[in-house]
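Okay, here's what each chain looks like letter by letter:
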Amino acid sequence: MRSRPPFSLSMAALLTLVVGVLISAILFASLRRLEHDNADIAFRQHAKIRVAAIQKSLDNSMRVLKDINQLFVAFETVSREQFRLFAEPLLARNPYIQALNYHRFVSQQERPAYEATMREQFPGFAITENQDGKPVPARIRDRYRVVDYIEPKQGNEAAFGFDADSYDVQTQAMQRAIDTGEPSATGLFQLLQESGTQQGFVVLMPIYRHGAVLTDAPSRRAAVIGDTAAVFRSSDLIVKSLVTENFLGTPEGERNISINVYASAMLNPVWNEQSLIFGGGAAEPVKPLTFGLPTWLLYDQPAPYQQAFDIAGKTWRVVVSTPPVLFTSQSSNAMWAFLAALLFSIGTAACMQTMVSRSRRIQRLVDERTLQLRSVNEDLIADIAARKRTEQALQLRERAIEASTNAIIILNANAPNYAIEYVNPAFERITGYPADEAIGRHIGFLWGKDSDQSGIEEVRGCTLEQREGHAVLRNYRKDGTLFWSDLYIAPVRDDTGKVSHYVAAQYDITATKRYESELEFQTNRDALTGLANRNLLRDRLGQAISYAHRYGHPIWVLFIDLDRFKFINDSLGHQAGDVLLKAVANRIQSSVRDTDTVARMGGDEFVLVLPERTDAGLSTGIVRRIMDAIAQPLTIEGHEFFISSSVGVSVYPSDGLSPEELIKHADVAMYRAKETGRNNFQFYTSEMNERALERLRIEGDLRNALERGEFVLYYQPQVDLRTREIVGVEALIRWQHPEFGMVPPIRFIALAEETGLIVPIGAWVIQEACRQGKQWQRDGLGHLRMSVNLSARQFCQKDLVECVAAALSESGLSPEYLEIELTESLVMADVENAIGILRELKALGVKLSIDDFGTGYSSLSYLKRFPIDVLKIDRSFVNDITIDPDDAAIVTSIISLAHSLRLQVIAEGVETIEQLTYLRRHECDQIQGYFFSRPIQAEALGRMLKEGKRLQAEMTGTLI
Ligand code: C2E
Ligand code: CA
Ligand code: CA
């Protein structure tokens, strides 16, 4: 597992984030701008509405004032009651008016009368003036402007009877009003009826005498008789007018609005408390914290709204303002948009980051996978190569099977009837059934109705027990003719070791069988008489011996020779001789028991085997009876003959234990009988053992041959087909017999084997061959491979390996130049043991070859297990290579098989240029044979090497 790489912010994600934040900021800023402007507009809207409300109240007040003044213009006298009735509804509609007054001018002269009249209605009434905020009786002045009517009374009691002109502000305003005839407002002052601190003001409007002509200021001054006034408490006025319109206070969700009203005309006044009618009187609004950013970005801060308007000659100014409000304190779209955009950017950046890191991860994965794939690919290529090799090997095997001269049958072990799955071309040649007629059937279809064969049981046994086996079977061809086969069956296992198939090799042995039965007769029966021959005799005698041995019975062996048979034969001719022999045979046969064996040894010699039986003991009487039977007169071609016989008897076990010995000794005894005058019988005695001595002499000769140095080694060169040079020799033994001359090995090797003499002889061969090989090397004749034949007896010899090692070390020949030839039968006799010995030999460093390859039973699987280097194709195949296509095919497949097992191939017995050409074409490595050279003596071979004899290029035709 790879460790996770440390987190790293990708450039793309970072960029996305930065751009996102920037866009968010721009979005925020523009939305804020918009919001700010909206707030400004909204605020101005609010402000205007409020100012309008105030203005409306004042306008209404003016109208009220004018209306009430109009009352005095319309009527010459207006009673107190009329005034009240008129004022009351007006006051109710305009609650911000503190009072409506009627001021009456009263001169100093009229004062006492007026006060007196008033006292009648209002006891204690007096014209008053203001002293420290309290009404006191007015000081004496020329004229008083007395508050005569005042509505509502309640709350305004203090002003009743008050001399309004005792205030300068009033007087000034009154003067202006009289002169213009228009309403005129006073400045701010403390109202008499005021108990608090708020300021008030009064708007006056003159009343002129009825009928007076008012052209200019003096005429107005002369005509004035009083005035009507509206009294306001400045703060109440504003509050109430706003209350009337419901504009006071801050309704929920609205911004805090402060309204300042100044009774000042100055556009840029130093706002002070004196001119402030209403409001907090706040100074310059506080500059909010902006962190260097434009204020509008963070705050809604509408500019104060101000408006000036004229009230009865006085200019008022209303300033509506609102404190800056942080944008977050209300639901700000810009904020949400900013947050949303920010979130979106972060999200997108995160997304980008995941995408980038995922694509990095994918890239990494792709890299890893590519690496893995590469190695898998390499494995695959190796695998394919290995498979190809196996396939080639398989193809070779397939071709070998197809080429085989014997029928190969593959059975499916899992099919219910072991159905045939494959047959090779030889199958059709042998059986006449084409493959498609055989496939799917049980192999037994070849047996037809002939199902009572012991071989069939064996085949069944093999399939049931999943083992190898061999059976001889009678089969029937498609045309119904019989043929015999040797069937070798073996299980084939699949990779899991389960038997999936059986392979059966079917050898057509019909010819052999026929030959066998002929041979059986030939070998066991005497052609002339039908009696047992020498072979059968040996068999029967052998059986009798083992039987006798078991039960402790003696056996008599009778050797009968007819006396003077030669004479009859010579005088009457062969035919008469034959008749006589047949007749004698019949007589002998009928004079013994059926179970006794009568054999003719050739010529006029007969041998009888008479085992003792419990019911009848052996006695010389039997011998006599037989001799008598033979001696009965016999007429041939008109001549009567009396045939006598000489009989020798040997007795088992005293005279011998083997058939040969018993027969030989009976023979010896018969000679003795002849010597003693014919027509008699003799029992064997040890003195008679002369012929046995003869055999011993041959044996002795052989034994002495080694001591006398009568053996010589001949060498036959082996030539490489590529270089055309001699690369090795095979050492072949010869016996230089003093009497018989040069004896070839076939004449004595078997005897040497039998007697065990082969062991010292073989040892000598190895020593001599090694010595000679080294000698050639010393003579500078090259480093030849020296092949030596090994017999079965030698192979079983315990100290074989030491013997070879000793020969090598004594001669000084390097082991790689020694090659030991073994036959298939030799190694196949006991495979496991053979492998052990071969390994030991191999360990010495010597080369191993299989001699006469192809003649014995060699399983490919075994061949693979043997550590061998060279295959020698047997002479018999090479011999027919150019005439018999089967042999040619076998040679070809042996060569390719050997090469597939990395073995060298030598063809033996190459006698013709055709054979050589064929072998060369099929890539045989080396050849040996009369074509190049017969086996020759060491000296001759030395000369050959010196001369540098090699295969001629022109001789090999296509060679080189
Ligand atoms: P082998 O091992 O197969 O030896 C080859 C035989 O083929 C030799 O016969 C050789 O003379 C003969 N030969 C070579 N080229 C040709 C050819 O072109 N045509 C024909 N028709 N024959 C050719 P040889 O020397 O008579 O030996 C016969 C067998 O005796 C050998 O057969 C081998 O099995 C045995 N033998 C020979 N020397 C020894 C030995 O030292 N020890 C043992 N144990 N056996 C030996
Ligand atoms: Ca040989
Ligand atoms: Ca051979």
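Everything here concerns the structure above.
Cut-offs applied
- Residues numbered from 1 in each chain as written.
- Chains lettered and ligands numbered in written order.
- Predicted model: local features only at pLDDT ≥ 70, side-chain atom pairs only at ≥ 80, totals over all residues.
- Heavy atoms only, no water.
- Helix = DSSP H or I, 4+ residues; strand = E, 2+ residues; numbered from the N terminus.
- Rg over C-alpha atoms; globule rule 2.2 N^0.38 Å.
- Buried < 20%, exposed > 50% of the residue type's maximum accessible area, 1.4 Å probe, protein only.
- Contact = heavy atoms within 4.5 Å.
- Lys, Arg positive; Asp, Glu negative; His and termini not counted.
- Charge placed at Lys NZ, Arg CZ, Asp CG, Glu CD.
- Donors = N, O, S within 2.8 Å, 3.2 Å for Na, K, Ca; no water.
- 1 Å grid on protein atoms, 1.4 Å probe; cavity = no way out; pocket = protein on both sides within 12 Å on 5 of 7 lines; lining within 4 Å.
- Points joined across faces, edges and corners; volume = space filled by probe spheres on them.
- Nonpolar A, V, L, I, M, F, W, Y, C, P; charged D, E, K, R; others polar.
- Salt bridge = Lys/Arg side-chain N within 4 Å of Asp/Glu carboxyl O.
- Near = heavy atom within 4 Å.
- Polar contact = N/O pair within 3.5 Å; in protein donor to acceptor, adjacent residues only side chain to side chain.
- Sits in = over half its atoms within 2 Å of the grid points.
- Pairing = 2+ DSSP bridges.
- Axes fitted to C-alpha atoms, helices over the stretch in contact; angles between N-to-C directions.
- Core = buried A, V, L, I, M, F, W, Y, C linked by side-chain atoms within 4.5 Å.
- Parallel < 35°, antiparallel > 145°, perpendicular 65-115°, else oblique.
- Left-handed = near helix turned anticlockwise from the far one by under 90°.
- Right-handed = clockwise from strand over helix to strand, strands pointing away.
- Patch = residues over 30% accessible without salt bridge, like charges linked within 9 Å, V, L, I, M, F, W, Y side chains within 5 Å.
- Areas by Shrake-Rupley, 256 points an atom, 1.4 Å probe, with all protein chains shown as cover.

Colleague: Would you mind showing me how to read the overall build of the protein here?
Modeller: On a plain count of helices and strands, the protein comes out with 29 helices and 35 strands. For a compact globule of 960 residues, the expected C-alpha radius of gyration is about 30 Å, and the protein comes in at 78 Å, more than 25% above that figure. Dimensions of the protein along its principal axes, counting C-alpha atoms only, are 235 × 75 × 50 Å. Taken across its 960 residues, the protein has 46% of its residues classed as buried. Within the protein, contacts between residues at least 6 apart in sequence are counted, and of these 63% link residues at least 24 apart. The positive charge centre, built from 103 side chains, and the negative charge centre, built from 120, are 7 Å apart in the protein.

Colleague: How do you make sense of the coordination of the calcium ion (ligand 3) when you look at a structure like this?
Modeller: Octahedral metal centres with six donors ideally show angles of 90 or 180 degrees, and tetrahedral centres with four donors ideally show 109.5 degrees. D851 (OD), D852 (OD), E908 (OE) and E908 (OE) make up the full set of protein donors to the calcium ion (ligand 3), lying at 2.2 to 2.6 Å. A separation of 3.9 Å is found between the calcium ion (ligand 3) and the calcium ion (ligand 2), which share D851 as a coordinating residue. Here the residue D851 occupies a position in strand 31 (residues 847-853), and E908 occupies one in the loop between strand 33 (904-907) and helix 28 (913-921), the gap between them amounting to 57 residues. Considered together, D851 and E908 belong to a single accessibility category, that of buried residues.

Colleague: What am I meant to see in the layout of surface pockets here?
Modeller: Where empty space is left can be seen by rolling a probe of water-molecule size over the atoms. The calculated volume of the second largest pocket comes to roughly 1100 Å³. Residue lining of the second largest pocket: 40 residues in total, with E730, L732, P745, N789 and R875 positioned closest to the centre. Of all the elements in the fold, those that place two or more residues in the lining of the second largest pocket are strand 26 (711-720), strand 27 (726-737), helix 19 (749-755), helix 20 (758-778), helix 21 (792-796), strand 30 (818-823), helix 23 (824-828) and strand 31. Ranked by residue count, the leading element in the lining of the second largest pocket is strand 27, at five residues. Grouping the amino acids of the lining of the second largest pocket by side-chain chemistry returns 19 nonpolar, ten polar and eleven charged.

Colleague: Could you clarify how one ought to interpret the coordination of the calcium ion (ligand 2) in this entry?
Modeller: Within the first shell, the calcium ion (ligand 2) binds the protein through E730 (OE), N789 (OD1), E821 (OE) and D851 (OD), at distances of 2.1 to 2.3 Å. The sequence motif formed by the donor residues of the calcium ion (ligand 2) is E-x58-N-x31-E-x29-D.

Colleague: Could you clarify how one ought to interpret the pattern of salt bridges in this entry?
Modeller: Side-chain pairs of opposite charge can arise whenever the charged atoms involved come near each other. Considering all chains together, one arrives at 35 salt bridges under this definition. D37 serves as the salt-bridge partner of R33, at 3.5 Å between the closest nitrogen and oxygen. Pair noted here: R33 and D37 are both in helix 1 (residues 11-74), with a separation of four residues, about one helical turn. On the basis of relative accessible area, R33 is assigned to the partly exposed category, the value being 35%. Look at D37 and you get partly exposed, because its relative accessible area is 31%. Its salt-bridge partner being R119, residue E115 comes within 3.7 Å of it at the nearest N-O pair. Of the two residues, E115 and R119 both sit in helix 3 (residues 111-121), four residues apart, roughly one turn of that helix. Relative accessible area serves as the criterion here: at 38%, R119 is assigned to the partly exposed category. Each of E129, R139, R141 and D163 takes part in one network of salt bridges that share partners.

Colleague: In this structure, what is going on with the site of ligand 1? I would like to understand it.
Modeller: Around ligand 1 lies a shell of 20 residues, among which Q716, R734, R875, E911 and Y930 are the nearest. Contact between ligand 1 and Q716: a nitrogen atom at 2.9 Å from a side-chain N or O atom of the residue. For ligand 1, an oxygen atom lies 3.1 Å from a polar atom in the side chain of D851. Given that more than half its atoms are within 2 Å of the pocket grid, ligand 1 belongs to the second largest pocket.

Colleague: Quick question: what am I supposed to make of the sheet that holds strand 6 (residues 200-208) here?
Modeller: Each strand in a sheet pairs with another by means of backbone hydrogen bonds, the pair being arranged parallel or else antiparallel. A sheet is described by the order of its strands in space; here five strands give the open sequence 4-1-7-6-5, paired in antiparallel fashion. With partners counted over all chains shown, the strands left at the sheet margins are strand 4 (143-151) and strand 5 (184-185), one partner each. Sheet topology places strand 1 (residues 99-107) next to strand 4; eight bridges connect them, and they run antiparallel. Looking across to strand 4, one finds that S107 is bridged to R143. Relative to the sheet, helix 1 contacts strand 1, strand 4, strand 6 and strand 7 (224-233), its axis offset from that of strand 6 by approximately 30°. In the packing of helix 2 (residues 80-93) onto the sheet, the strands contacted are strand 1 and strand 4, and the crossing angle to strand 4 comes to about 60°.

Colleague: Just checking my understanding: could you explain the nonpolar core for this structure?
Modeller: Proteins that are soluble and globular tend to have nonpolar side chains buried together. Judged by nonpolar contacts, the single largest core of 83 residues is most densely connected at W776, F795 and L919. Counting residues per element, this core draws most heavily on helix 20, which supplies seven residues. With residues near it in sequence (within four places) discarded, W776 still touches Y715, V729, L781, G782, L784, M786, A938, L941, G942 and L945.

Colleague: I would appreciate a short explanation of the side chain of S345 in the present structure.
Modeller: With respect to the element layout, S345 can be found in helix 8 (residues 333-403). Judged by its relative accessible area of 3%, S345 falls in the buried class. At 3.2 Å, the side chain of S345 forms a polar contact with the backbone oxygen of G20. Here A341 takes part through its backbone oxygen, which lies 2.6 Å from a polar atom of the side chain of S345. Other than its neighbours up to four places away in sequence, S345 contacts L17, G20, V21 and S24.

Colleague: What's the story with the environment of T348 in this structure? I'm lost.
Modeller: Along the chain, T348 turns up in helix 8. In this structure T348 comes out as partly exposed when scored by relative accessible area, which is 26%. For T348 and L17, which are 331 residues apart along the polypeptide, the C-alpha to C-alpha distance reads 7.5 Å.

Colleague: Before we go on, may I ask you to explain empty space enclosed by the protein in this structure?
Modeller: Counted under the stated rule, the structure contains one cavity of 30 Å³ or more. Considered as a void within the structure, the largest cavity measures approximately 100 Å³ in volume. When the residues that make up the lining of the largest cavity are grouped by side-chain class, the tally is nine nonpolar, four polar and no charged.

Colleague: I'm lost on the packing of helix 1 against helix 2 in this one. Help?
Modeller: Relative placement of two packed helices is described by the angle separating their axes and the distance separating the axes. Taken N-terminus to C-terminus, the directions of helix 1 and helix 2 make an angle of 165°; their axes are 11 Å apart at the nearest point. Between helix 1 and helix 2, the angle is such that the two are roughly antiparallel. The interaxial crossing formed by helix 1 with helix 2 has right-handed handedness. Where helix 1 abuts helix 2, its residues V64, D67, I68, L71 and F72 lie against F83, F86, A87 and L90. Taken together, the residues of the contact of helix 1 with helix 2 sort by class into eight nonpolar, no polar and one charged.

Colleague: Help me understand the packing of helix 14 (residues 565-572) against helix 15 (residues 574-591), please; the structure alone is not making it clear to me.
Modeller: Orientation of helix 14 relative to helix 15, taken along the N-to-C sense of each, is 140°, at an axis distance of 6 Å. Comparing the axis directions of helix 14 and helix 15 gives the class oblique. In contact with F565, I568, N569 and L572 of helix 14, helix 15 contributes H574, A576, G577, L580 and L581.

Colleague: It is not clear to me how the pairing of strand 24 (residues 645-652) should be interpreted in this structure. Could you clarify?
Modeller: The two faces of a sheet get side chains in turn, since along a regular strand they alternate between them. Along strand 24, eight of the eight residues are buried, which leaves the element largely enclosed by surrounding structure. With burial as the criterion, each face of strand 24 is covered, one bearing S645, V647, V649 and V651 and the other bearing S646, G648, S650 and Y652. The pairing of strand 19 (residues 555-562) with strand 24 spans eight bridges and is classified as antiparallel. Directly across from I555, in strand 24, lies its bridge partner Y652. Where strand 24 and strand 25 (residues 681-683) come together, three bridges link them in parallel fashion. Within strand 25, the position partnered with V647 by the bridge is F681. Running through helix 17 (residues 659-675), the crossover from strand 24 to the neighbouring parallel element strand 25 is left-handed.

Colleague: Please explain a nonpolar patch on the surface as it appears in this structure.
Modeller: On the surface, L9, M11, L14, L15, V18, V19, L22, I23 and I26 cluster together into a nonpolar patch covering about 840 Å² of accessible area. Tracing the backbone shows M11 in helix 1.

Colleague: Would you take a moment to explain unusual backbone geometry for this structure?
Modeller: Glycine aside, residues mostly have negative phi angles, and peptide bonds mostly take the trans form. The peptide bond linking E151 to P152 adopts the cis configuration, its omega dihedral lying at -10°. Relative to the assigned elements, P152 resides in the loop between strand 4 and helix 4 (168-180). Going from Y652 to P653, the amide bond is cis rather than trans, its omega being 0°. Inspection of the secondary structure assignment puts P653 in the loop between strand 24 and helix 17. Positive phi, normally seen in glycine, also occurs at Y418, with a value near 50°. Along the chain, the position of Y418 falls in the loop between strand 14 (407-412) and strand 15 (420-423). Unusually for a residue other than glycine, E923 sits at a positive phi of about 65°. Examined against the element boundaries, E923 turns out to sit in the loop between helix 28 and strand 34 (926-927). You can call E923 partly exposed: its relative accessible area is 48%.

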